[in-house]
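# Working through the structure, step by step
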Amino acid sequence: MAEEKAIWLDGELVPWAEANIHVTSYGLYFGIGFFEAIRTFDTPDGPAFFRLDDHLRRLADSAHTYLAKLPYSRSDITAACKKTVKANGLTECLVRPIVFLGDGDHPLAAKWRTTVIAMSRGPYVSLPDEGGVHTKISSFHRMSANSFPPAAKATGQYLNAYLAQSDALGSGYDDALLLNEHGHVVDGWVHNVFVVRDGVVRTPPVSSGALPGITRDTVLTLAREQGLTCAEENLVRTDLYNADEVFLTGTSAGLVPVISVDRRTIGDGKPGEVTRTLADMFGDIVHGRVDLHPEWREPVG
Ligand code: PMP
């Protein structure tokens, strides 16, 4: 982590090595917190966040769901994100605002703390040579809405993703897909999932337990603007097995083609045309190479 220099913690920038918290923090041992992962991209007008405000709105929604009052306003966190990226001299990076519970005598009386970390690390998914990933539907289900709110991006909830992904990796696959308790396919471990058949693009609805992904929303918007029919509806395993194309979306990796699901080859085993077209458009937009959706790019300043 040579080039990272500073982290924003509770209102000020502190040197990277000194951004420490006490091990008794409830954010650590109960995993109580909310976070976002936001990317910045190099554009002709300088580095820009992709949909910063939408990410910070989701952070506020996650906190609201858990009755947590954010210690800083959305505009304070916006400013903190910009300050942190600039202080680290980064152009293309991953920015993580995290609100977590500090220490104290009782978790319901502890203070919320806030940090913003900017890192130059790449995505969790590195595309194999075949240009897409092999996926496995995990035997671990995505958390049910009456146990944990799946629409919230809460730190402890990622234990569910961890179980599914370690299961997939241990069985020789690249990525896990998760069902809900009704047997509907809802999400990848850190991705949303899309299928394409006969030119129709479908993704599970948020009400099924999918995270309301910012990349998911971006892809739905772009696909509709391209004149493609899109639907948010429940999907079952065979919708994936028999799709012409399947792809994953997420901040960390953008659009990721899926070339097999449970050892069933998808299409001809190569990234499909709709996936490639949308991935190219996505790349052009985040890098500001086209004029489309300038409102999604927020200059780092
Ligand atoms: N589903 C889950 C479970 C995730 O953790 C993520 C990553 N935030 C996504 C979907 C993709 O969401 P986004 O496009 O906002 O990164």
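Not measured: the values here are computed from a predicted model.

The next thing to look at is the nonpolar core. Among the nonpolar cores identified, the biggest contains 72 residues, and Cys81, Phe194, Val246 and Val258 are the most heavily contacted of them. Viewed by domain, this core spans two of them, domain 1 (6-119) and domain 2 (133-286), each represented by three or more residues. Setting aside residues no more than four positions away along its own chain, valine 246 makes contact with Val193, Phe194, Val195, Leu240, Val258, Val261 and Ile266.

Here the focus is the domain arrangement of the protein. For the protein, the assigned domains read domain 1 (6-119) and domain 2 (133-286). Between domain 1 and domain 2, the C-alpha centre-to-centre distance is 26 Å. Contacts between the two partners involve 22 residues from domain 1 and, on the opposite side, 11 residues from domain 2. Looking at the side of domain 1 that touches domain 2, the elements with two or more residues in it are strand 3 (33-35), strand 4 (38-41), helix 2 (52-65) and strand 6 (93-101). Element by element, the count of residues in the side of domain 1 that touches domain 2 is highest for helix 2, at 5 residues.

This part takes up the confidence of the model for the protein. When pLDDT is averaged along the protein, the result is 95; 97% of the residues meet or exceed 70. Prediction confidence for the complex, expressed as pTM and ipTM, is 0.96 and 0.99 respectively.

Our next topic: helix 2. A rise of 1.5 Å per residue sets the reference length of helix 2, with its 14 residues, at 20 Å; its end C-alpha atoms lie 20 Å apart and thus fit the reference within 8%. Those residues of helix 2 lying buried are Leu52, His55, Leu56, Arg58, Leu59, Ser62 and Ala63. Burial along helix 2 is one-sided: seen end-on, the buried residues are contained in an arc of 155°.

A word on the environment of isoleucine 98. Following the sequence through the fold, isoleucine 98 ends up in strand 6. When the 18 C-beta atoms within 10 Å are taken as the criterion, isoleucine 98 is described as partly exposed. Each C-alpha atom, one on isoleucine 98 and one on phenylalanine 35, is 4.2 Å from the other, the two residues being 63 residues apart in sequence. Apart from the residues lying within four places of it in its own chain, the contact partners of isoleucine 98 are Gly33, Phe35 and Thr115.

Bringing the site of the ligand into the picture now. Neighbouring the ligand are 15 residues, the closest being Leu211, Gly213, Ile214, Thr215 and Thr251. Contributions of two or more residues to the shell around the ligand are made by helix 5 (214-225) and strand 14 (245-250). The element that contributes the greatest number of residues to the shell around the ligand is helix 5, accounting for 3 residues.

On to helix 4 (residues 158-170), then. The end-to-end C-alpha distance of helix 4, which contains 13 residues, comes to 18 Å, matching closely the 18 Å that a straight helix rising 1.5 Å per residue would cover. Buried residues in helix 4 make contact with strand 8 (133-137) and strand 9 (175-179). At the C-terminal side of helix 4, glycine 172 shows a positive phi close to 90°.

Once that is clear, we can look at unusual backbone geometry. The phi dihedral of aspartate 198 falls on the positive side, at around 50°, and the residue is not glycine. Secondary-structure assignment places aspartate 198 in the loop between strand 11 (192-197) and strand 12 (200-203). Residue classification places aspartate 198 among the exposed residues on the basis of 7 C-beta atoms within 10 Å. One non-glycine residue, arginine 263, lies in the positive phi region at around 70°. Relative to the helices and strands, arginine 263 is located in the loop between strand 15 (254-261) and strand 16 (264-265). By C-beta crowding, arginine 263 is classed as exposed, having 10 other C-beta atoms within 10 Å.

A few words on the environment of leucine 28. Note that leucine 28 resides in helix 1 (residues 26-29). Leucine 28 sits 72 residues away from phenylalanine 100 along the chain, and the two C-alpha atoms are 8.4 Å apart.

Parameters at a glance
- Residues numbered from 1 in each chain as written.
- Predicted model: local features only at pLDDT ≥ 70, side-chain atom pairs only at ≥ 80, totals over all residues.
- Core = buried A, V, L, I, M, F, W, Y, C linked by C-beta atoms within 7 Å.
- Buried ≥ 20, exposed ≤ 12 C-beta atoms within 10 Å, placed from the backbone.
- Domains from an automatic or database assignment.
- Contact = placed C-beta atoms within 7 Å.
- Helix = DSSP H or I, 4+ residues; strand = E, 2+ residues; numbered from the N terminus.
- pLDDT = per-residue confidence, 0-100.
- Expected span 1.5 Å × (residues − 1).
- Arc of directions from axis to C-beta.
- Near = placed C-beta within 6 Å.

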